[in-house]
Amino acid sequence: KLNEKDVRDLYQVEIMIQNTSIQFGAQNIDEAKRKIFEELAEEFSQTYNSGDFDAYLSASEKLHNEIVSLCSNEITESICRQIGIRNYRFRLMSLKNPERFRNSYQEHLGIINALLSGDTALAQQIMLRHLQSASEVVTLQVTKLKESDL
């Protein structure tokens, strides 16, 4: 059974990994990575506008993995993949909320644009808000599920 601590623990680790990856990896965005991020921005727009949750979740996973890959650290990438597997259902729960889905889209584009413009601090700020907001929505849903079991 999911509980609030599971959600909090997972998102705390993801915040640490994502923001550290932005901090240490942003300077490694070359033309190939720039193209990947630009393509991801387009993929987010297409999947958001079509309302295709599965494709949107796939784009989200790709973005978070690309950010971690900027550091070229295989251990961190492995941890990120493990978190991604555990976090998939949390992301799905989060995006079932229409407001969260819209905000997630805007946050993803904001992160990409900040990275592409070289604004590491802004990318980190948006990432923190993005993951904290998702955590809050999922925690609320887990609490409601727990209460409905009573």
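Up top is the structure.
Just so it is clear, the model here is predicted, and its values are computed rather than measured.

**Some thoughts on the packing of aromatic side chains**
Counted under the stated rule, the structure contains five aromatic pairs. A centroid spacing of 4.2 Å and a plane angle of 0° characterise the contact between Y48 and Y105, whose relative ring orientation is stacked. With Y48 in helix α2 (residues 31-50) and Y105 in helix α5 (residues 98-117), the pair connects residues that are 57 residues apart, well separated along the chain. Exposure remark for Y105: the relative accessible area of 14% places this residue in the buried category. When the ring of Y56 is compared with that of F101, the centres are 4.9 Å apart and the planes differ by 80°; the resulting orientation is edge-to-face. Residue Y56 is located in helix α3 (residues 53-69), and its partner F101 is located in helix α5; the two are separated by 45 residues in the primary sequence. An aromatic cluster is built from F44, Y48, F53, Y56, F101 and Y105, whose rings are joined through pairwise contacts. The ring of F53 is capped by K96, whose NZ or CZ atom sits 5.1 Å from the centre of that ring.

**Considering the packing of helix α4 (residues 74-95) against helix α6 (residues 120-148)**
The contact between α4 and α6 brings their axes to 9 Å, and the two run at 90°. Relative to α6, α4 is oriented roughly perpendicular. Across the interface between the two elements, F90, M93 and S94 of α4 pack against A134, V137, V138, Q141, V142 and L145 of α6. For the contact of α4 with α6, the class distribution of residues is seven nonpolar, two polar and no charged.

Criteria and thresholds
- Residues numbered from 1 in each chain as written.
- Predicted model: local features only at pLDDT ≥ 70, side-chain atom pairs only at ≥ 80, totals over all residues.
- Heavy atoms only, no water.
- Phe/Tyr/Trp six-rings, centres within 6.5 Å; stacked < 30°, edge-to-face > 60°.
- Helix = DSSP H or I, 4+ residues; strand = E, 2+ residues; numbered from the N terminus.
- Buried < 20%, exposed > 50% of the residue type's maximum accessible area, 1.4 Å probe, protein only.
- Lys NZ or Arg CZ within 6 Å of the ring centre and 35° of its normal.
- Axes fitted to C-alpha atoms, helices over the stretch in contact; angles between N-to-C directions.
- Parallel < 35°, antiparallel > 145°, perpendicular 65-115°, else oblique.
- Contact = heavy atoms within 4.5 Å.
- Nonpolar A, V, L, I, M, F, W, Y, C, P; charged D, E, K, R; others polar.

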